[in-house]
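# An overview of the molecular structure
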Amino acid sequence: MSEQTVLVINCGSSSLKFSLIDPDSGEEFVSGVAERLMTEQAFIKISHQGKKQQTALSEPFDHQIAVNFIVGVLEQVGLADKVSAVGHRVVHGGESYSQPTMITDEVKASIAELGKLAPLHNPVNLVGVEAAEQAFEDTPQVAVFDTAFHQTMPEKAFIYGLPYHLYKQHGIRRYGFHGTSHFFVANQAAKALQQPINETSVITAHLGNGCSISAIENGKSVDTSMGLTPLEGVVMGTRSGDIDPGIVFHLIEQLNYTPDKVNSLLNKESGLLGISQMSNDCRTIEEAIVNDNDQHADLTMDIFCYRIAKSIASFMAALSHFDALIFTGGIGENSNLVRSRVVRSLALLGLTIDPQRNSDVRFGKQGLISTDDSVKCLVIPTNEELVIAMQSAQVIAEQAQE
Ligand code: ADP
């Protein structure tokens, strides 16, 4: 074990994922996830040395209880005093944070202020920060922002076709998300292609429950499909992605939806779940296609894949050259069906899938899935925890040098 081990914390509204990582080797010592927080069914799953254990959490079933439990586990396995930093995934860094940042009272205040742009995410990220501060009093805490990597986008990509003062006075613009993932897989792609990252231009498709596509020109994000919030872009597990904004007024004025109901409809009841009326889980939809020849599941998948292909094709406008298409995230890493349907709409970009390679590169493997004469298409498993650990360690090392 090296001197640095970073506890990575990723807080969601009702979940908390954590991982204790050596940022140099990438070795993960303990990891886990607390789910159903803020309910009486709250529990935590811990993985340590190949063993998994699940425990119910006690009152008040919140993020602090989960962090206290994690500290207890780290003490039990003799790793609590090895935590040299805590790295937090913070969803919205606005325009203030284009780099990972040591957390101070001032940084906490601006994460809270940025809660205006990400009310579902930033407040709960702060809860995680404060719980970790209590549990690891003298340990440096670092914020790694999901928006940071996209801060290199040019204005033409991030300004909406709205009155300009909404941007200037209220920060309404495209920010983009999944930045750590897009950053990681683009850098891995450059290594795989044996090219310097600052000469590598790729399109990265992060397809998980949330999905976003990014155009990366010479290692820098120049456009991305998610916007002010993670709702924009392609069709996702439960989010609609792009729709005609007029639909919102139609729902409110003609169908008597309240703003809350529209919000819930677009974020939680749409996407794969809403179209299929079956599930937000790609595996369930695939099974219905393959096992039951379910035509509606097939249509759902076609809509999902076509929209992803359209987004990828549109990003040709952002690039001066195109070295590779990269798939990542739970769906991108595992679903050869989604990959083949997306790429079959992209023949004009010079992309052709090799079916054998496509079915071989799954379940955590990295590799090429295109034919030899195609523009390259790679699958690269993402590792956001490792990026957060590495960037946290780097911030601490830089501060020690100052
Ligand atoms: P999150 O965005 O919550 O991190 P993930 O990146 O884990 O989500 O992706 C979850 C998605 O990945 C789900 O839709 C799930 O069905 C899909 N997925 C996971 N494994 C497979 C598989 N073997 N085949 C198809 N889809 C898969």
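Up top is the structure these notes are about.
Residues numbered from 1 in each chain as written. Predicted model: local features only at pLDDT ≥ 70, side-chain atom pairs only at ≥ 80, totals over all residues. Heavy atoms only, no water.

Our next topic: the overall build of the protein chain. The number of helices and strands found in the protein chain is 15 helices and 14 strands. Computed over its C-alpha atoms, the radius of gyration of the protein chain comes to 21 Å, within 12% of the 21 Å expected for a compact globule of 402 residues. Seen through its principal axes, the protein chain has C-alpha atoms that stretch 55 × 55 × 50 Å. The buried share of the protein chain, reckoned over its 402 residues, is 52%. Here the contacts in the protein chain between residues at least 6 apart in sequence split such that 62% fall between residues at least 24 apart. For the protein chain, the computed accessible surface area is about 18800 Å², with 50% contributed by carbon and sulfur atoms. For the protein chain, the separation between the mean place of its 28 positive charges and that of its 47 negative charges on side chains is 5 Å. (Helix = DSSP H or I, 4+ residues; strand = E, 2+ residues; numbered from the N terminus. Rg over C-alpha atoms; globule rule 2.2 N^0.38 Å. Buried < 20%, exposed > 50% of the residue type's maximum accessible area, 1.4 Å probe, protein only. Contact = heavy atoms within 4.5 Å. Areas by Shrake-Rupley, 256 points an atom, 1.4 Å probe, with all protein chains shown as cover. Lys, Arg positive; Asp, Glu negative; His and termini not counted. Charge placed at Lys NZ, Arg CZ, Asp CG, Glu CD.)

The six strands lie next to each other as S11-S10-S9-S12-S14-S13, forming an open sheet whose pairing is mixed. In the strand order of this sheet, the two ends are held by strand S11 (220–224) and strand S13 (367–368), each with one partner. The sheet strands contacting helix H6 (residues 179–193) are strand S9 (202–207), strand S10 (211–217), strand S12 (324–328) and strand S14 (376–379), and the helix crosses S9 at an angle near 130°. Against the sheet, helix H11 (residues 295–314) makes contact with S9, S10 and S12, and its axis sits at roughly 20° relative to S10, the strand it touches most. (Pairing = 2+ DSSP bridges. Axes fitted to C-alpha atoms, helices over the stretch in contact; angles between N-to-C directions.)

This paragraph deals with the pattern of salt bridges. Opposite charge on two side chains permits them to pair, given that their charged atoms come into close proximity. Applying the stated criterion across every chain, the model contains 15 salt bridges. Across the pair arginine 344 and aspartate 302 runs a salt bridge whose closest N-O atoms are separated by 3.1 Å. With arginine 344 in helix H13 (residues 336–344) and aspartate 302 in helix H11, this residue pair connects regions lying 42 residues apart in the sequence. Judged by relative accessible area, which is 55%, arginine 344 ranks as exposed. The class for aspartate 302 is partly exposed, based on a relative accessible area of 29%. Via salt bridges that share partners, Asp105, Lys108, Glu130 and Glu133 belong to a single interconnected network. (Salt bridge = Lys/Arg side-chain N within 4 Å of Asp/Glu carboxyl O.)

In sheet architecture, strand pairing relies on hydrogen bonds along the backbone and comes in two forms, parallel and antiparallel. In space, the eight strands of this open sheet follow the order S5-S4-S3-S2-S1-S6-S8-S7, with mixed pairing throughout. In this open sheet, the two edge strands, each paired with only one partner strand, are strand S5 (51–56) and strand S7 (101–102). Pairing geometry for S7 and strand S8 (residues 141–145), over two bridges, is antiparallel. For threonine 101, the partnering residue across the bridge sits in S8 and is alanine 143. On the sheet, helix H1 (residues 63–76) packs against strand S1 (6–11), strand S2 (16–21), strand S3 (28–35), strand S4 (43–48) and S5 and is oriented at approximately 25° with respect to S2.

Here we come to the site of the ligand. Lining the immediate surroundings of the ligand are 14 residues, of which Asn209, Asp281, Cys282, Arg283 and Gly330 lie closest. The backbone of arginine 283 places a nitrogen or oxygen atom 3.3 Å from an oxygen atom of the ligand. In the complex, the protein chains occlude 74% of the 580 Å² of accessible area that the ligand would expose alone. Counting residues per element, the ones that place at least two in the shell around the ligand are helix H10 (282–292) and helix H12 (329–334). Residues that form the shell around the ligand fall into these classes: three nonpolar, eight polar and three charged. (Near = heavy atom within 4 Å. Polar contact = N/O pair within 3.5 Å; in protein donor to acceptor, adjacent residues only side chain to side chain. Nonpolar A, V, L, I, M, F, W, Y, C, P; charged D, E, K, R; others polar.)

Of note, serine 221 is situated in strand S11. In this structure, the C-alpha to C-alpha distance between serine 221 and histidine 150, residues 71 residues apart in sequence, is 5.2 Å. When neighbours within four sequence positions are excluded, serine 221 is seen to be in contact with Phe149, His150, Thr152, Met153, Ala215 and Ile216.

Okay, the side chain of glutamine 141 next. Checked against the element boundaries, glutamine 141 lands in strand S8. Of note is the side chain of glutamine 141, whose polar atom sits 2.7 Å from the side chain of histidine 88. For glutamine 141, the contacting residues outside a window of four places in its chain are Val86, His88, Thr101, Met102, Ile103, Val129, Ala132, Glu133 and Phe136.

A few words on helix H15 (residues 384–401). Between the first and last C-alpha of H15 there are 26 Å, a value that for 18 residues agrees with the 26 Å anticipated at 1.5 Å per step. Of the residues making up H15, those classed as buried are Glu384, Leu386, Val387, Ile388, Ala389, Gln391, Ser392, Ala393, Val395 and Ile396. (Expected span 1.5 Å × (residues − 1).)

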